[in-house]
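# Structural characterization, general
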Amino acid sequence: MNTEEKNEQLLLRNLKDAGCNAEMIVRFFELQSTGNRHEQLKLLFSHREDLLQKLHKSQNRLDCLDYLIYDIKKHK
């Protein structure tokens, strides 16, 4: 395996580890083949924003659960 293939494999693994779906990965590599880094960045920033929104939603849920746990313990 040459260096370029290794780099592609590492990039693929990183995209998967970041939670990118198959469609996004295909699109990312299409943009890679045309050298369109600007669109690649837009794609990555969009995915990042989606993940951040999910994180905030999960944090709110955790806060609600923490309050319920606190309230139940307080009234024990």
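The notes below deal with the structure included here. Keep in mind the model is a prediction, meaning the values are calculated, not measured.

The next thing to look at is the nonpolar core. When a protein is soluble and globular, its nonpolar side chains tend to lie buried together. The biggest cluster of nonpolar side chains holds six residues, and these are L15, C20, M24, I25, F28 and F29. Not counting residues within four places of it along the chain, the set of residues in contact with I25 comprises L12, L15, K16 and C20.

Here the focus is the side chain of H47. Residue placement: H47 occurs in helix α3 (residues 37-74). Setting aside chain neighbours within four positions, we find H47 in contact with A18, G19, C20 and M24.

With that out of the way, let us pick up the side chain of Q40. Note that Q40 resides in helix α3. Judged by its relative accessible area of 5%, Q40 falls in the buried class. In this view, Q40 contacts F28, L31 and Q32; residues no more than four positions away in its chain are not counted.

Let us look at the packing of helix α1 (residues 3-17) against helix α2 (residues 22-34). Where α1 contacts α2, the axes come no closer than 11 Å and their chain directions differ by 145°. Relative to α2, α1 is oriented so that their crossing is right-handed. Between α1 and α2, the residues in contact are E8, L11, L12, L15 and K16 and I25, F28, F29 and Q32, respectively. Of the residues assigned to the contact of α1 with α2, the class counts are six nonpolar, one polar and two charged.

The next point concerns a nonpolar patch on the surface. On the surface, a cluster of nonpolar side chains totalling about 640 Å² of accessible area is made up of L62, L65, Y67, L68, I69 and Y70. Its relative accessible area of 49% is what places Y70 among the partly exposed residues.

Our focus in this paragraph is α1. With 15 residues, α1 ought to run about 21 Å at 1.5 Å a step, and its terminal C-alpha atoms sit 21 Å apart, in line with that. The N-terminus of α1 is capped by N2, whose side-chain oxygen sits 3.0 Å from the backbone nitrogen of E4. G19 occupies a position one or two residues after α1 and carries a positive phi of about 85°.

Rules used throughout
- Residue numbers restart at each chain and count upward from 1, following the sequence in its written direction.
- Since the coordinates come from a predicted model, pLDDT governs what is reported: local features require at least 70, and pairs of side-chain atoms require 80 or more to be given and counted, while whole-chain, interface and lining totals use all residues.
- Water and hydrogen atoms play no part in the side-chain values, which are based on all heavy atoms of the structure.
- Nonpolar core, defined: a set of buried Ala, Val, Leu, Ile, Met, Phe, Trp, Tyr and Cys residues in which side-chain atoms within 4.5 Å join the residues together.
- Only protein chains enter the accessibility calculation, which uses a 1.4 Å probe; a residue is then buried when its area is under 20% of its type maximum, exposed when over 50%, and partly exposed in between.
- It only takes one pair of heavy atoms within 4.5 Å for two residues to be counted as in contact.
- For the purposes of this entry, the term helix denotes a DSSP run of H or I that reaches at least four residues, the term strand denotes a run of E that reaches at least two, and both are numbered from the N terminus.
- Axis angles are defined between N-to-C directions and span 0 to 180 degrees, where every axis is a line fitted to C-alpha atoms and, for a helix, only to the segment in contact.
- By definition, any crossing whose near helix is turned counterclockwise from its far helix by less than a right angle is left-handed, and any crossing with a clockwise turn is right-handed.
- Under the grouping applied here, Gly and all other residues not named as nonpolar or charged are polar, the nonpolar ones being Ala, Val, Leu, Ile, Met, Phe, Trp, Tyr, Cys and Pro and the charged ones Asp, Glu, Lys and Arg.
- Excluding any residue in a salt bridge, patches collect residues exceeding 30% relative accessible area, merging like charges within 9 Å and nonpolar Val, Leu, Ile, Met, Phe, Trp and Tyr side chains within 5 Å.
- Using the Shrake-Rupley algorithm and a 1.4 Å probe, accessible areas are obtained, with residue cover drawn only from the displayed protein chains.
- Any Lys or Arg side-chain nitrogen found within 4 Å of a carboxyl oxygen on Asp or Glu counts as a salt bridge.
- Here the expected span of a helix is defined as 1.5 Å times the quantity of residues minus one.
- Counted as a polar contact is a pair of N or O atoms within 3.5 Å, where, for protein atoms, one must be capable of donating a hydrogen and the other of accepting one, and residues adjacent in sequence contribute only when both atoms are in side chains.

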